[in-house]
Each structure stands twice: as structure tokens, then as C-alpha cells.
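Topology and contacts: notes
Next come the chains, spelled out residue by residue.
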Amino acid sequence: MTQHTGYLLAQTDEQLAGLVGAGLLEAEVDYALTGAAGARLVAPFVTAVPVVKAWVPATLDPRELWEATQARPATDGHNVIFCQTDNDAGLAFRRQYDELWAANLFRLYVDLLDDPRRGREQADNLRSEVIGF
């Protein structure tokens, strides 16, 4: 997996996710929010979203992501992460919630497990409250 990190100025977590989603939608780029940002759409128990993480198409040039979202590449202090793999598995079975797209529930669960910031706790809550096992 390749991750492209950047920074986008926003006043709130929700505004940050909205700006990323709106920019990608306007640029006609498929995406799926994942991690805490995606889980917040599915299950409102997730409270803090310090970083908006999204799966994007495998063949997309990162420069197009920065242009579409107005985010700036950043290695330190980033609040946006775009993820790519050699296929588009992260986008499979994504679902729309209001005006934003989120990764499928099982992808969200796995991605939360990888998040060092309370990811395990959030994944367990998503699993028990939404997935149901």
C-alpha cells in the first residue's frame, strides 16, 4: 500500500471530511473514506477524527489528489491520507452516507485495527454495534 499524506485547513473534523469528499467528487475521483472518518459516517460513536483517510483509485496520480482537494503534501503534521494499492480493493462495496462515500464495513474494521490512535477500541465498537459479531 502507498500512502500520500497532506494537510488541508479546516475548522472541524466534519468540515475536513466534507472538503476532501467534495473536492474528489467534483474532480470525478472515486473514493472511500476509511478509518475514523469512515466509521464516523457509519456509527456516530467515533468522536475524534484527527486524520481523514481515504482509499482512491490505484492509477491516480497523487498530484491530481492535491489539486482536487486543495490539500498540500506534508510529511509532518498531516491531517489527510490517501491510500492506494495495486488494485482498487479499498473501493470495493463502498457505500454512500449523505454526500460522502465510506469504505465497506469490513474494510473499515480492518483499517481501524491498524490505526494507533484508539483504533482497536473503535474497531471493536464498530464490530459489535454495526457489523454484529
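Structure: see above.
Residues numbered from 1 in each chain as written. Predicted model: local features only at pLDDT ≥ 70, side-chain atom pairs only at ≥ 80, totals over all residues. Heavy atoms only, no water.

1. Some remarks on the overall build of the chain
For the chain, the helix and strand inventory stands at 5 helices and 7 strands. Put simply, the chain runs from its N terminus to its C terminus through helices and strands in the order β-α-β-α-β-α-β-β-β-β-α-α. For 133 residues, the compact-globule estimate of 2.2 N^0.38 gives 14 Å, and the C-alpha radius of gyration of the chain, at 13 Å, lies within 12% of that figure. Expressed along its principal axes, the backbone C-alpha trace of the chain runs to roughly 40 × 30 × 25 Å. Counting every position in the chain, which comprises 133 residues, the buried fraction comes to 45%. Of the contacts formed within the chain by residues at least 6 apart in sequence, a portion of 71% connects residues at least 24 apart. A total of about 7,300 Å² of accessible surface is found on the chain, and carbon and sulfur atoms cover 49% of it. (Helix = DSSP H or I, 4+ residues; strand = E, 2+ residues; numbered from the N terminus. Rg over C-alpha atoms; globule rule 2.2 N^0.38 Å. Buried < 20%, exposed > 50% of the residue type's maximum accessible area, 1.4 Å probe, protein only. Contact = heavy atoms within 4.5 Å. Areas by Shrake-Rupley, 256 points an atom, 1.4 Å probe, with all protein chains shown as cover.)

2. Here's the deal with helix H1 (residues 13–26)
Taking 1.5 Å of rise per residue, the 14 residues of H1 would be expected to cover 20 Å, and the 20 Å separating its terminal C-alpha atoms lies within 8% of that figure. Residues of H1 that are buried: Leu16, Ala17, Val20, Gly21, Gly23 and Leu24. Seen end-on, H1 carries its buried residues on one side only, within an arc spanning 165°. Pointing more than 90 degrees away from the buried face of H1 are the exposed residues Glu14, Leu25 and Glu26. Of the surrounding secondary structure, the elements contacted by the buried residues of H1 are strand E2 (32–34), strand E3 (52–55), helix H3 (62–69), strand E5 (80–84) and strand E7 (100–102). Directly after H1, the chain includes glutamate 28, whose backbone phi takes a positive value near 60°. (Expected span 1.5 Å × (residues − 1). Arc of directions from axis to C-beta.)

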